[in-house]
Amino acid sequence: MPLGAPFQAGDLAQAFLDCRRHKRNTPAWQAFEADCERHLVEIEEELRAGTYRPGPSNCFVVTHPKPREVWAAQPRDRVAHHLLYNHIAQRFHNSFEAASSACIPGRGTLYAANRLEHDIRSITRNWKRPARYLKCDLSNFFVSIKKPVLRELLAERITEPWWLWLAETILFHDPRTDVRVCSPSHVLALVPPHKSLFNAPDDAGLPIGNLSSQFFANVLLDPLDKFVKHQLRCKHYIRYVDDFVLLHEDPQWLSAALARITAFLPERLELNLNPTKTIQQPVERGIDFVGHVIKPWCHTTRRRTLNTALRRLEHMEPGDVFSVGNSYLGLMGQAQESHTDRARICNALRRRGHAVSGDLSKAHRSAA
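A quick note: this is a predicted structure, and the numbers were derived from the prediction, not measured.

1. As for the sheet that holds strand S11 (residues 298-301)
At step 1: The strand order across the open sheet built from 3 strands is S9-S10-S11, with neighbouring strands paired in antiparallel fashion. Strands with a single pairing partner mark the edges of an open sheet, and in this sheet they are strand S9 (287-289) and S11. On average, each strand axis in the sheet is tilted by 20 degrees relative to the strand beside it, whichever way the strands run.
At step 2: Where S9 meets strand S10 (residues 292-295), 3 bridges bridge the pair, whose relative direction is antiparallel. Note that in S10 the partner of Phe289 across the bridge is His292.

2. Section: the state of the cysteines
At step 1: Taken as a whole and judged by the stated rule, the model has 0 disulfides.
At step 2: The closest cysteine sulfur to the non-disulfide-bonded Cys19 is located on Cys36, 11 Å from its own sulfur.
At step 3: Its sulfur unpaired, Cys59 is 7.6 Å from the next cysteine sulfur, which belongs to Cys182.

3. Details of the pairing of strand S6 (residues 236-240)
Remark: a regular strand shows side chains that alternate across the two faces of the sheet.
At step 1: Of all 5 residues that make up S6, 4 are buried, and the element is covered over most of its length.
At step 2: Pairing analysis gives 2 bridges linking strand S3 (residues 100-101) to S6, with the strands arranged parallel. Note that in S6 the partner of Ser100 across the bridge is Arg239.
At step 3: Looking at chain direction, S6 and strand S7 (residues 243-248) are connected through 5 bridges and run antiparallel. By the bridge assignment, Tyr237 is partnered in S7 with Leu246.
At step 4: In this structure, the hairpin formed by S6 and S7 is closed by a connection of 2 residues, where Val241 is found at a positive phi of approximately 55 degrees.

4. Quick notes on the environment of Ile345
At step 1: Mapped onto the fold, Ile345 is located in helix H14 (residues 339-351).
At step 2: Taking the C-alpha atoms as reference points, Ile345 and Ser327, 18 residues apart in sequence, are found 11 Å from one another.
At step 3: If we ignore the near neighbours within four places in the chain, the residues touching Ile345 are Leu306, Ala309, Leu310, Leu313, Gly325, Tyr328, Leu329 and Met332.

5. Describing a positive patch on the surface
At step 1: On the surface, Lys66, Arg68, Lys195, Lys277 and Arg304 cluster together to form a positively charged patch.
At step 2: Within the fold, Lys195 resides in the loop between helix H9 (185-188) and helix H10 (211-231).
At step 3: Residue classification places Lys195 among the partly exposed positions, given a relative accessible area of 34%.

6. Some details on the sheet that holds S6
At step 1: The strand order S3-S6-S7-S4-S8 describes an open sheet built from 5 strands, whose pairing is mixed. Two strands close off the open sheet at either side, each with one partner strand: S3 and strand S8 (279-282).
At step 2: Where helix H5 (residues 109-123) meets the sheet, its contacts fall on S3, S6 and S7, and the angle it forms with S6 comes to roughly 165 degrees.
At step 3: Sheet strands touched by helix H11 (residues 251-269): strand S4 (132-137), S7 and S8. Its angle to S7, the strand with the most contacts, is close to 145 degrees.

7. Quick word on the pattern of salt bridges
At step 1: Taken as a whole, this structure holds 19 salt bridges when the rule is applied.
At step 2: A salt bridge links Glu168 to Arg151; its shortest N-O distance comes to 2.6 Å. Of this pair, Glu168 sits in helix H8 (residues 161-171) while Arg151 sits in helix H7 (residues 147-155); the two residues are 17 residues apart in sequence, bridging distant segments of the chain.
At step 3: Take Glu168: its relative accessible area is 24%, and that puts it in the partly exposed class.
At step 4: Among the residues examined, Arg151 registers a relative accessible area of 22% and is labelled partly exposed.
At step 5: Put simply, Arg176 and Asp202 hold a salt bridge, and the shortest N to O gap is 3.3 Å. One end of the pair, Arg176, is in the loop between H8 and strand S5 (179-181); the other, Asp202, is in the loop between H9 and H10, and 26 residues separate them in sequence.
At step 6: On the basis of relative accessibility, which here comes to 18%, the residue Arg176 falls in the buried class.
At step 7: Owing to a relative accessible area of 67%, Asp202 belongs among the exposed residues under this scheme.
At step 8: Residues joined in a network through salt bridges with shared partners are Asp35, Arg38 and Glu42.

8. Describing the packing of H10 against H11
At step 1: Remark: H10 packs on H11, axes separated minimally by 11 Å, with the N-to-C direction vectors making an angle of 145 degrees. Considering the relative orientation of H10 and H11, their crossing is right-handed. Contact residues: H10 offers Leu220, Leu221, Pro223, Leu224, Phe227, Val228 and Gln231, while H11 offers Arg260, Ile261, Phe264, Leu265, Arg268 and Leu269.
At step 2: In terms of residue class, the contact of H10 with H11 is built from 10 nonpolar, 1 polar and 2 charged.

What counts, and at which threshold
- Residues numbered from 1 in each chain as written.
- Predicted model: local features only at pLDDT ≥ 70, side-chain atom pairs only at ≥ 80, totals over all residues.
- Heavy atoms only, no water.
- Pairing = 2+ DSSP bridges.
- Helix = DSSP H or I, 4+ residues; strand = E, 2+ residues; numbered from the N terminus.
- Axes fitted to C-alpha atoms, helices over the stretch in contact; angles between N-to-C directions.
- Disulfide = S-S within 2.5 Å.
- Buried < 20%, exposed > 50% of the residue type's maximum accessible area, 1.4 Å probe, protein only.
- Contact = heavy atoms within 4.5 Å.
- Patch = residues over 30% accessible without salt bridge, like charges linked within 9 Å, V, L, I, M, F, W, Y side chains within 5 Å.
- Areas by Shrake-Rupley, 256 points an atom, 1.4 Å probe, with all protein chains shown as cover.
- Salt bridge = Lys/Arg side-chain N within 4 Å of Asp/Glu carboxyl O.
- Lys, Arg positive; Asp, Glu negative; His and termini not counted.
- Charge placed at Lys NZ, Arg CZ, Asp CG, Glu CD.
- Left-handed = near helix turned anticlockwise from the far one by under 90°.
- Nonpolar A, V, L, I, M, F, W, Y, C, P; charged D, E, K, R; others polar.

By themselves, these observations are geometric and do not establish any function.
Structure follows, in structure tokens:
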């Protein structure tokens, strides 16, 4: 453990403020905040002494849009994650390609969808010329991430010994050694065995649900972005987490690019494409990406997302309808041709007793 922790108490306090956002009503955070000074002092002492080790995690399964495990770290560990992120993230963000999105400030799903639509309009001269797209997805991405490969990529830019020690401590922690499973066994069984972190090799897999995992995923896939942009020289390319799209006029060029990417991934990053989710088609058929469907002169929300929203709003607990409904209205509003979809969401909210704004952008709490 390198000596001399190069952070101030104010840095730790800022990390605490950052990571408690939108979580203050959860029991774990209420307990942490009830005696936050003591907790923060304990974390600081452990970090400075080099005795900090990540604590237990809660594992539960979410079933929407498909079953997957979520590993929730304790508040003290989330503070450590944000402390590391706040110090090192910008140097990595500065080196990322503009095509990289997810867990980057200002580069969420809307950024990815709008950038893809811009690239489509560019390559097709505003839908006047034909073009094709290649859409790929990595196989079992988070479970397949090899920690030694990721560690080497982190070490290229984290030159300070203490910060590299903290990154390694978080990266190589195995949450399976101290975990509380919060979902019943029949729900846990919904997750396919090959997608479960419980079945990953000891040197592989990152827990979905931590800021550090999302950030580390972008660090790992940065070499892929640079390979596509600078070696394949693909002008029109966008990636969101492990989903990425290449655009080109020539289908043979895309086939050759696919072959080179298929060889590059296992050799450089020890990852593989999911062959069942590799698609090459004309762009005029529409591209389904980050919940959006982009077709000629039409940018809408994925039908499955809308149908799921309507079904959830009909059956969920009354106390959750307001917040979830507004979330869906925000999502639908990201697509330009969304009036009809927002109207259907608003009608579902009205049936549950809530009022909606005249422009169909926001729900208001019912008087009850």
